[in-house]
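Next come the chains, spelled out residue by residue.
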Amino acid sequence: MNRRFKRVYRHYLECEEYQGAMWKVLPPAERIGMPEASAALMIDYESFLSSCMLVLDRWPNSCDVNLSASVINHQAWIGHAACYLHHGASEDLTRLGWRTMAEAQQELANLAADVAILEWRDRYERANPKSVTRK
């Protein structure tokens, strides 16, 4: 069953993702090893799922804004957020790590992301039943 969520809007300063370096370019010395660390996390299904679930708990405002938006790639966003919270990788370095992974590894990482996204949807629907429509 498909669910549509009323899009959540918040001022960007209320979104937890902007309080760190997820969207910033890290200095060269801080970039070393980050793509590899991101790939290693995303390849480890259980660790990656745990990090994705941590995003739901630590970044409620950012989750509501990004996961209620139909124009956002939810799997990519939660993956970027999980890598940032896990080891401080910025979004661009997580993308570099993603590109080194085999297709089967990417598919498994997307499955972990999907589990977390479905959990967010369930939580959001319970907290905001009037903001959800079913198709």
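As the structure is a prediction and not an experimental result, all values here were calculated from the model.

*Asks:* Explain the packing of aromatic side chains residue by residue, including any values.
*Replies:* Counted according to the given criterion, the structure contains six aromatic pairs. Taking the centre distance of 6.5 Å and the plane angle of 50° together, the rings of Trp59 and Trp77 count as tilted. With Trp59 in the loop between helix H3 (45–58) and helix H4 (60–67) and Trp77 in helix H5 (residues 74–87), the pair connects residues that are 18 residues apart, well separated along the chain. A ring pair is formed by Trp59 and Tyr84, whose centres lie 5.9 Å apart and whose planes are at 35°; its orientation type is tilted. Within this pair, whereas Trp59 is found in the loop between H3 and H4, its partner Tyr84 is found in helix H5, the two being separated by 25 residues in sequence. Considered together, Trp59 and Tyr84 belong to a single accessibility category, that of buried residues. Each residue in the set Phe5, Trp120 and Tyr124 is aromatic and connected to the rest through ring pairs, giving one cluster.

*Asks:* Tell me about the nonpolar core, and please be specific about residues and values.
*Replies:* Phe48, Val55, Trp77 and Ile78 are the most contacted members of the largest nonpolar core, which has 36 residues in total. Where this core is concerned, the elements lending two or more residues are helix H2 (34–43), H3, H4, H5 and helix H7 (103–127). The element that contributes the greatest number of residues to this core is H7, accounting for seven residues.

*Asks:* Now, about the packing of H5 against H7: what can you tell me, with residues and values included?
*Replies:* Think of two packed helices as two axes; the pair is described by the angle between the axes and how far apart they sit. Where H5 contacts H7, the axes come no closer than 9 Å and their chain directions differ by 95°. The angle between H5 and H7 falls in the class roughly perpendicular. Listed contacts from H7 to His74, Gln75 and Ile78 of H5 are Asn110, Ala113, Asp114, Ala116, Ile117 and Arg121.

*Asks:* Any chance you could break down H3 for me, citing the residues and the numbers?
*Replies:* Here H3 contains 14 residues, and its C-alpha end-to-end distance of 20 Å stays within 8% of the 20 Å for a straight helix at 1.5 Å per residue. Three or more residues of H3 are buried, namely Phe48, Leu49, Ser51, Cys52, Val55 and Leu56. For H3, the arc enclosing every buried residue in end-on projection is 160°, short of the 170-degree limit, so these residues lie on one face. Counted as exposed and oriented over 90 degrees from the buried face of H3: Glu46, Asp57 and Arg58. Tucked inside the fold, the buried residues of H3 contact H2, H4, H5 and H7.

*Asks:* Give me the side chain of Asn66: which residues, what numbers.
*Replies:* Tracing the chain through its elements places Asn66 in helix H4. For Asn66, a relative accessible area of 8% gives the class buried. Filtering out sequence-adjacent residues up to four positions away, Asn66 remains in contact with Glu17, Ile72, His74 and Trp77.

Quick notes on the rules
- Residues numbered from 1 in each chain as written.
- Predicted model: local features only at pLDDT ≥ 70, side-chain atom pairs only at ≥ 80, totals over all residues.
- Heavy atoms only, no water.
- Phe/Tyr/Trp six-rings, centres within 6.5 Å; stacked < 30°, edge-to-face > 60°.
- Helix = DSSP H or I, 4+ residues; strand = E, 2+ residues; numbered from the N terminus.
- Buried < 20%, exposed > 50% of the residue type's maximum accessible area, 1.4 Å probe, protein only.
- Core = buried A, V, L, I, M, F, W, Y, C linked by side-chain atoms within 4.5 Å.
- Axes fitted to C-alpha atoms, helices over the stretch in contact; angles between N-to-C directions.
- Parallel < 35°, antiparallel > 145°, perpendicular 65-115°, else oblique.
- Contact = heavy atoms within 4.5 Å.
- Expected span 1.5 Å × (residues − 1).
- Arc of directions from axis to C-beta.

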